[in-house]
Every structure is written in C-alpha cells, then in structure tokens.
Amino acid sequence: MKIVADENMPIVEALFGELGVVTRVPGRLMTPEDVKDADILLVRSVTKVNQDLLAGSSVKYVGTATIGTDHIDQTYLKDANIGFSNAPGCNAQSVVDYVISALVCLCQDEERLMKDLTVGVVGAGNVGSRLIQRLKKLGLKVIAYDPFVENEDLPLATLDEVLACDVVSLHVPLTTEGEYPTLHLIDEPALNAMQDSAILINSSRGPVVNNESLKQHLKARVNFKVVLDVWETEPEVDRELLDLVDLGTAHIAGYSLDGKYNGTFQIYESVCKFLGLPMRKRLPQMLPEPDLVHVGFASGANFDEVFPRLVQVAYDIRRDDRLLRRAIAKSTKISESFDWLRKNYPERREFSSLSVKVRRNDVTTTAMYEAAGFKVKVKS
C-alpha cells in the first residue's frame, strides 16, 4: 500500500509506516503525478483535493488533518467512491490558546484587564464553543452567533449583537453558497457596525474578512485593533495590511505540537477503521515531554497580575508576529517565506502541557488556572 502525505504532517511514518510505504510531498505543490498510484492520501489545508488532482488515480481514501474541509471536494469523493475523513477539534485548544494570548497581549498594551472585555464569537463549532467555555470560566462576558447551532448552554445572539462587542473573534468555515455564506462575512458594513476601538481576531479562513475593506477601515479608525492569522490571498500577504494590523501571523493558530499530532492521529484512527485494522498506536506515547513542565508563583500572588505572565510563558503570540514581519520585510517572494514559516514553525505546546504549582488551600486560584487551560499541581 502506498501512502502519500503532506510533508508538514508530523508522526506519519510512526503511525502509518506499518500500513504501507509513506511518500512525503509538499502540500501546496501536490500534483496528479504525485498521487496517481497512491492508495491513501493525507493532506492539510493547503492542498486542493478535487477531480483535477485525483482523476485516474488509485486513491481509495483521503484524510485531512484539519478541522476545516473547504479545500476538499467532498461531492467528487462521494461520487468516486473514495473514503474521506477530517479531524474535527484536533487543534481547537491550540486556536483557543492563540486567541487568549492575543487578548493578553493587546490588553497589556492598553493597560486593560482581560476579564473586563465583552467577547463576541462568530461560529460556535469545535473551536468557537471551546473558546466560549474557556472565556466564561475566566469571568468574561461572552455571546456567540451561529445560525446552525441550537444549544441552551451557549449564549447565542444575533450577528449585530456580536459585532457590537469589545472583541469579535471569527471561527467559521469558508463557504460561498447557502443561506449563510461566510465569504466576506466581515465586509465594510460589518466593520462599520463594530466599535471604533474594537478588537477583531480572524483565525478561521482569510476570505471570511474582506481584506481590502479592512485595510481601508484601519486607515480611517486608528484605534481599531486587528489580529490576523489568516489572509485572503495567502500564501501571499498584503504588506500594507500587515503594517496596519496589530498582530499578524502565518496561519499558525492551530500549529501547536499537540494539535498537529492530534490531527494526524485522528486520521490514523479513521484509516484503520476504513481498512478494518486494529489500532496499534496510542497518542500519549507519541507526544514528547515539553521543555517547561512546571511553573510556580508565590503564595497569595494576584491572579490578574500573574495570569498574563503565565500565558506568555506558555505561548507568546508576539514571537510569531515578529517572525512573519521579519520574513516578509526581507523577502522578494512573500508566498515562499510564508510557507517556509509554516514548514519550519518552532515547537509550541498547548497550555495544558504546563502545570502550575499551587498550595493545597488555594482553591480560588486553582480554579482560575484550570479555567485558563493549565494543569494544576498541588503542593503542600
């Protein structure tokens, strides 16, 4: 059996090596020639999987190690009797960590407490729902807009109500059809409906935000804050827009080591089920121990003061912002620099890999650390 995989997917050989011969291919450059004699195709979001890629091939199963599926022509796969699976929720915690790190960073710049923000979440799926729960546990007021979700446990509202919040965070797939398309969901009217000093965070898909409208909006409203992990024309990035946003990164919000490993593992589970084979691997045995395992603060330390420091120890989004700006400033081919950053992304662990040492009787602070996504290690 031949297995063709995106070169950036981790632990493919460790998981799939016993099932067949693994061949690595650059995901964005994958061609029909690369996959014509493959049995299993493993991709990420940069590979367009459709008839143009697969017609005449021997591919029997396609797995994408991503939550989103807008790069997959599922209708063609079904008509061609090709099995398919994605990895829902695989990197959801990683994206939530990213959003929290962004909020911590911007709140520090403006000398605000994060818990004073009202956050509007657009899209209450795998990522959005987890962000809502994490922020609510941290004491923030959160409302959400998602016309496809009915859940009494989620604080659902209208899009206009969400756009009026201090923060608007986008967590939707890219769709162009149906009653609620998300292409350019955030356009000039939506931007004008937001507060002059609002924070907009897009870690979903680039074209969900009309980048040209956003650029003009930022020129007109200097207090409007923007965090972009995804770009409408990526791997090309508009240099002028990058100069205007507060934080810009190279589509890496979900690129924690934990999330990437989980994505590959979920596809491994699906392929084993498709082939009728037992699973011989387990994810915990694959993850390496993080460089930083424990961190502690003095007894009685104020949570509001130590929380931003703790978040930045775990993951400081400003590192990735600097990496993108530096790479593009030096680059004559932005798309190549963008993809190089993603391929060579430094190891990053999720908040849950870090344990915070607390005293046994420190119940309130313990609950807050856990709400933020960290593990807690009780010390006497």
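In this text the structure is predicted, and so the values were computed from the model without any measurement.

The rules behind each value
- Residues numbered from 1 in each chain as written.
- Predicted model: local features only at pLDDT ≥ 70, side-chain atom pairs only at ≥ 80, totals over all residues.
- Heavy atoms only, no water.
- Salt bridge = Lys/Arg side-chain N within 4 Å of Asp/Glu carboxyl O.
- Helix = DSSP H or I, 4+ residues; strand = E, 2+ residues; numbered from the N terminus.
- UniProt positions renumbered as here; feature names shortened; annotations may be inferred.
- Core = buried A, V, L, I, M, F, W, Y, C linked by side-chain atoms within 4.5 Å.
- Buried < 20%, exposed > 50% of the residue type's maximum accessible area, 1.4 Å probe, protein only.
- Contact = heavy atoms within 4.5 Å.
- Polar contact = N/O pair within 3.5 Å; in protein donor to acceptor, adjacent residues only side chain to side chain.
- Pairing = 2+ DSSP bridges.
- Axes fitted to C-alpha atoms, helices over the stretch in contact; angles between N-to-C directions.
- Phe/Tyr/Trp six-rings, centres within 6.5 Å; stacked < 30°, edge-to-face > 60°.
- Lys NZ or Arg CZ within 6 Å of the ring centre and 35° of its normal.

## A few points about the pattern of salt bridges
- Evaluated as defined, the whole model comprises 22 salt bridges.
- Lysine 115 is paired through a salt bridge with aspartate 304; the nearest N and O atoms lie 3.0 Å apart. Taken together, the positions of lysine 115 in the loop between helix H5 (92–110) and strand S6 (118–122) and aspartate 304 in helix H12 (residues 303–314) put the pair 189 residues apart, joining distant regions of the chain.
- Within the structure, one salt-bridge network assembled from shared partners comprises Glu212, Lys215, Lys219, Asp238 and Glu240.

## Section: the UniProt feature "domain: D-isomer specific 2-hydroxyacid dehydrogenase catalytic" (unreviewed entry) in the chain
- According to UniProt, the "domain: D-isomer specific 2-hydroxyacid dehydrogenase catalytic" (unreviewed entry) feature falls on residues 29–275.
- Structurally, residues 29–275 comprises 37% helix and 14% strand, and the distance from its first C-alpha atom to its last is 28 Å.

## Considering the nonpolar core
- Among the nonpolar cores identified, the biggest contains 52 residues, and Ile100, Leu103, Met114, Leu135, Leu138 and Phe307 are the most heavily contacted of them.
- At the level of secondary structure, the elements contributing two or more residues to this core comprise H5, S6, helix H6 (126–137), strand S7 (141–145), strand S9 (199–202), H12, strand S13 (355–359) and helix H15 (363–372).
- Beyond its immediate chain neighbours, meaning those up to four positions away, leucine 138 contacts Ile100, Met114, Lys115, Phe303, Phe307, Met368, Ala371 and Ala372.

## Details of the side chain of threonine 182
- Tracing the sequence through the fold places threonine 182 in the loop between strand S8 (167–170) and helix H8 (188–193).
- Under the relative-accessibility criterion, threonine 182 is labelled buried at 8%.
- Among the polar contacts listed, one links the side chain of threonine 182 to the backbone oxygen of proline 173, at a separation of 2.6 Å.
- What threonine 182 contacts, discounting residues up to four positions off in sequence, is Val172, Pro173, Leu174, Thr175, Pro207 and Val208.

## Here we look at helix H9 (residues 211–220)
- Within H9, the full set of buried residues consists of Asn211, Ser213, Leu214, Lys215, His217 and Leu218.
- Where H9 begins, the side chain of asparagine 210 points an oxygen toward the backbone nitrogen of glutamate 212, at a separation of 3.1 Å.

## As for the sheet that holds strand S3 (residues 40–43)
- Spatially, 5 strands are ordered S2-S1-S3-S4-S5 in an open sheet, and the strand pairing comes out parallel. Of all strands in the sheet, those with a lone pairing partner are strand S2 (21–25) and strand S5 (83–85), marking the two edges. With direction set aside, neighbouring strand axes in the sheet form an average angle of 15°.
- Relative to S3, strand S1 (residues 2–6) runs parallel, the two sharing 3 bridges.

## Digging into the packing of aromatic side chains
- Applying the stated criterion to the full structure yields 10 aromatic pairs.
- Ring centres of tyrosine 61 and phenylalanine 274 lie 4.5 Å apart, and the angle between their planes is 45°; on these two criteria the pair is classed as tilted. A residue pair is termed long-range when its members are at least 10 positions apart, and tyrosine 61 in strand S4 (residues 61–64) and phenylalanine 274 in helix H11 (residues 257–275) qualify at 213 residues.
- Residue classification places tyrosine 61 among the buried positions, given a relative accessible area of 4%.
- Summarising the aromatic geometry, the rings of phenylalanine 297 and tyrosine 369 are spaced 6.4 Å apart at their centres and angled 15° between planes, so their arrangement reads as stacked. Separated by 72 residues along the polypeptide, phenylalanine 297 in the loop between strand S12 (294–296) and H12 and tyrosine 369 in helix H15 bring together distant segments of the chain. By the burial criterion, phenylalanine 297 is buried, and tyrosine 369 matches it.
- Taken together, the ring pairs connect Phe297, Phe303, Phe307 and Tyr369 into an aromatic cluster.
- Looking at lysine 260, its charged tip hangs above the ring of tyrosine 255, at a distance of 4.7 Å from the centre.

## Here's the deal with the sheet that holds strand S10 (residues 225–228)
- One open sheet holds the 6 strands; their spatial order is S7-S6-S8-S9-S10-S11, and the pairing between them is parallel. Two strands close off the open sheet at either side, each with one partner strand: S7 and strand S11 (247–248).
- In the sheet, S8 pairs with S9 via 4 bridges, with the strands oriented parallel. When the sheet's bridge partners are listed, valine 167 is paired in S9 with isoleucine 199.

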